[in-house]
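Survey of secondary and tertiary structure
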Amino acid sequence: MLVDTHCHLAAREFADDRAAVAAAARAAGVATIVVPAVDLASFAAVSDCCAAVPGCAAAYGIHPLYVPQVGDGDLRLLREWLERAMSAPRSVIALGEIGLDFHVAGVDVERQEYFFVEQLRIARDFGLPVLLHVRRAVDRVLKYLRRVPLPGGIAHAFNGSRQQADEFIALGFRLGFGGVLSFDRARHIRQLAATLPLSSIVLETDAPDMPPAWLAGGRNSPAELPRIAALLAELRDIGVDELARVTSDNARAVLPRLLSDD
């Protein structure tokens, strides 16, 4: 059974058929879905989703692209939410989605970095791994990870260099790969996925975003993960059962509060 380590199942794009989407994923072989929040307004939706849908696990954090809409008080509220959530078994498995994103023009880099570092400190205080957004900001993310010791986490949608990948691995992180592997033009990502230590790789969909090539830009879903796994197994020239077993074990190793198959 597979683990989707990054899927926004609580997003409004799934409002009309969330249960059916999750059931289709489980029928396809996806046992566990990690559902990250993006801001405080999404915390309740993530919590409700994970309470209602079997096999879902919650992560809470403030996404870098939502930083312009938040205030310093949101960090206090994040701490308070985690304090409540941590008191229940397996109710939160990571802090995320957090990180840096310098792809969008005109971002306030200093403000993004402030909220990123403060959330790293919160993760450290709670002993939680982190789900990282690292678009066009890999070196800066690594800089702050070296300063704030953490129990690891996942670099979501990794698209850095091999050297940067090795630095994440040395810091106890796994690297997330998903539907981008399906595009022939994604030669660099495919090369990384084929040659990095298998022990460093986890699978993800980022649904409803980042649809694989075969969806032609349509809504992504966690049910696409088995086909992504098969593609990665082909790139690595190993059996898909082995690929599924190892990547799922990797996810549970780096997210120790993660739900098991049962």
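Placed above this text is the structure.
My aim in this report is to walk through the structure given alongside it, one point at a time.

**Considerations on the overall build of the chain**
Check the secondary structure of the chain and you find nine helices and eight strands. Relative to the 2.2 N^0.38 estimate, which gives 18 Å for 262 residues, the radius of gyration of the chain is 17 Å and therefore close to what a compact globule would have. When the backbone C-alpha atoms are referred to their principal axes, the chain occupies close to 45 × 40 × 30 Å. Expressed as a percentage of its 262 residues, the buried residues of the chain come to 53%. For the chain, restricting intrachain contacts to residue pairs at least 6 apart in sequence, the fraction spanning at least 24 positions comes to 70%.

**Section: the nonpolar core**
Among the nonpolar cores identified, the biggest contains 76 residues, and Leu9, Tyr60, Leu132, Phe168 and Phe177 are the most heavily contacted of them. The dominant element in this core, judged by the number of residues it contributes, is helix H4 (residues 109-126), at seven residues. Grouped together as the second largest cluster of nonpolar side chains are 13 residues, Val3, Leu131, Leu255 and Leu258 included.

**As for the pattern of salt bridges**
Applying the stated criterion across every chain yields a total of nine salt bridges. With its nearest N and O atoms 2.9 Å apart, the salt bridge here joins Asp101 to Arg135. Of this pair, Asp101 sits in the loop between strand E4 (94-99) and H4 while Arg135 sits in the loop between strand E5 (130-133) and helix H5 (138-147), placing them 34 residues apart in sequence. Using a relative accessible area of 0% as the deciding quantity, one classes Asp101 as buried. Of the residues examined, Arg135 reaches a relative accessible area of 35% and is grouped as partly exposed. Note that Asp125 is salt-bridged to Arg124, the shortest N-O span being 3.4 Å. For Asp125, a relative accessible area of 44% gives the class partly exposed. Looking at Arg124, the relative accessible area reads 39%, which means it is partly exposed. Several salt bridges converge on common partners, so that one network encompasses Arg79, Arg124 and Asp125.

Reading guide: rules and limits
Residues numbered from 1 in each chain as written. Predicted model: local features only at pLDDT ≥ 70, side-chain atom pairs only at ≥ 80, totals over all residues. Heavy atoms only, no water. Helix = DSSP H or I, 4+ residues; strand = E, 2+ residues; numbered from the N terminus. Rg over C-alpha atoms; globule rule 2.2 N^0.38 Å. Buried < 20%, exposed > 50% of the residue type's maximum accessible area, 1.4 Å probe, protein only. Contact = heavy atoms within 4.5 Å. Core = buried A, V, L, I, M, F, W, Y, C linked by side-chain atoms within 4.5 Å. Salt bridge = Lys/Arg side-chain N within 4 Å of Asp/Glu carboxyl O.

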